[in-house]
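Below are the chains, spelled out letter by letter.
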Amino acid sequence: MNNGARIKWLDLPVSVRSAVESIAGGPVVEARSQAGGYSPGSADRIVTANGRRAFVKAVSSSPNPESQHLHRREARIMGVLPDDLPIPRFLGMHDDGEWTALVFDDIAGRHPLLSGTDLAAVLTALDQISARPLPARNLALLPLLADELRHDFGGWERLRDEPHPGIGPWAARNQGRLDSLSAAAADALMGHGLVHGDLRADNLLIDREGKAVLVDWPWAARGAPWFDALSVLIDARVSDPSCNTEAALHEHGVFAGSEPQQVNAVLAGLAGYFLDSARRPPPPGLPTLRAFQQAEGDACLAWLRERLEPAPNR
């Protein structure tokens, strides 16, 4: 499913396509648009005349200037990340002020199902990232995850002042408790690890060897590495509400640095952020974003309720 107003390779100005071809090393003879994601820009797998395969994403300053800002931010971040992580190699950027295009090596793969072997592959990749500390000078160039999310985690306070009809009865009854939990969420994510910061199924690929590759890095930060794994498990619950995310949390090493109360705080903070966002009008060019945020918020609340009120006591 195409979640945004996706444009295609041939919709890009000739000057942008020419610049991309220079970065990729030859004229493009094939381009296949990729569905998914929440950007109004292009997302194309291309093949050049000499057989080089690359992935290109490009966006203009309209209709959503924020997307162009994120492309520029991602280009800076890719220069900080080492090549031996499970990430695509960055080939270059074109930026003429009106259009910004990023070019990467193409990863022959598919989005994961976030269950079974696919979910295991994703969590293994996150283990690999957490076990590979960045040089201090590189890590210092990334923002603190806690600072990036501190305002977002104030969603329950904003929802108290501007109620959202999409909040269920349990959350409405426990809104004060959720607000209190959220107050500790940002500090729970303090740490010195590399964090992707926006991990979900459409920012992941499973390659031909069954290994996971993380793509789309504009929100990278330094903090608690288990945040990415928690985000993946939330997304898994959106896809399958019966998914045993609690078992994955206890069984996988990437969560070794987390405490139960920290996980609860972050689930509450994320729920408040998603539901506070879901009640707002959609951003320009992103018509399905609010429905996604509502589903993520509902999944956070369902999991948190299970943790706070085990089934026999409900």
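This text follows the structure it describes.
Fair warning: this is a prediction, and the values are worked out from it, not measured in the lab.

K.L.:
Explanation requested: the packing of aromatic side chains in the structure shown.
P.N.:
What describes a pair of aromatic rings is the distance from one ring centre to the other and the angle between the planes of the rings. Inspection of every chain in the model, using the stated rule, returns three aromatic pairs. Taking the centre distance of 5.3 Å and the plane angle of 50° together, the rings of Phe90 and Phe104 count as tilted. Residue Phe90 is found in strand β4 (residues 90–95), and its partner Phe104 is found in strand β5 (residues 99–105); the two are separated by 14 residues along the sequence. The exposure class assigned to Phe90 is partly exposed, which follows from its relative accessible area of 25%. Between the aromatic rings of Phe274 and Phe292, the centroid separation amounts to 6.3 Å while the plane-to-plane angle is 85°, which identifies the pairing as edge-to-face. Here Phe274 is found in helix α12 (residues 260–278), whereas its partner Phe292 is found in helix α13 (residues 289–308), with 18 residues between them in sequence. The same class applies to Phe274 and to Phe292, which are both buried. Of the aromatic side chains, those joined through ring pairs into one cluster are Tyr273, Phe274 and Phe292. It is Arg200 that lies over the ring of Phe292; its NZ or CZ is 5.4 Å from the centre.

The rules behind these values
- Residues numbered from 1 in each chain as written.
- Predicted model: local features only at pLDDT ≥ 70, side-chain atom pairs only at ≥ 80, totals over all residues.
- Heavy atoms only, no water.
- Phe/Tyr/Trp six-rings, centres within 6.5 Å; stacked < 30°, edge-to-face > 60°.
- Helix = DSSP H or I, 4+ residues; strand = E, 2+ residues; numbered from the N terminus.
- Buried < 20%, exposed > 50% of the residue type's maximum accessible area, 1.4 Å probe, protein only.
- Lys NZ or Arg CZ within 6 Å of the ring centre and 35° of its normal.

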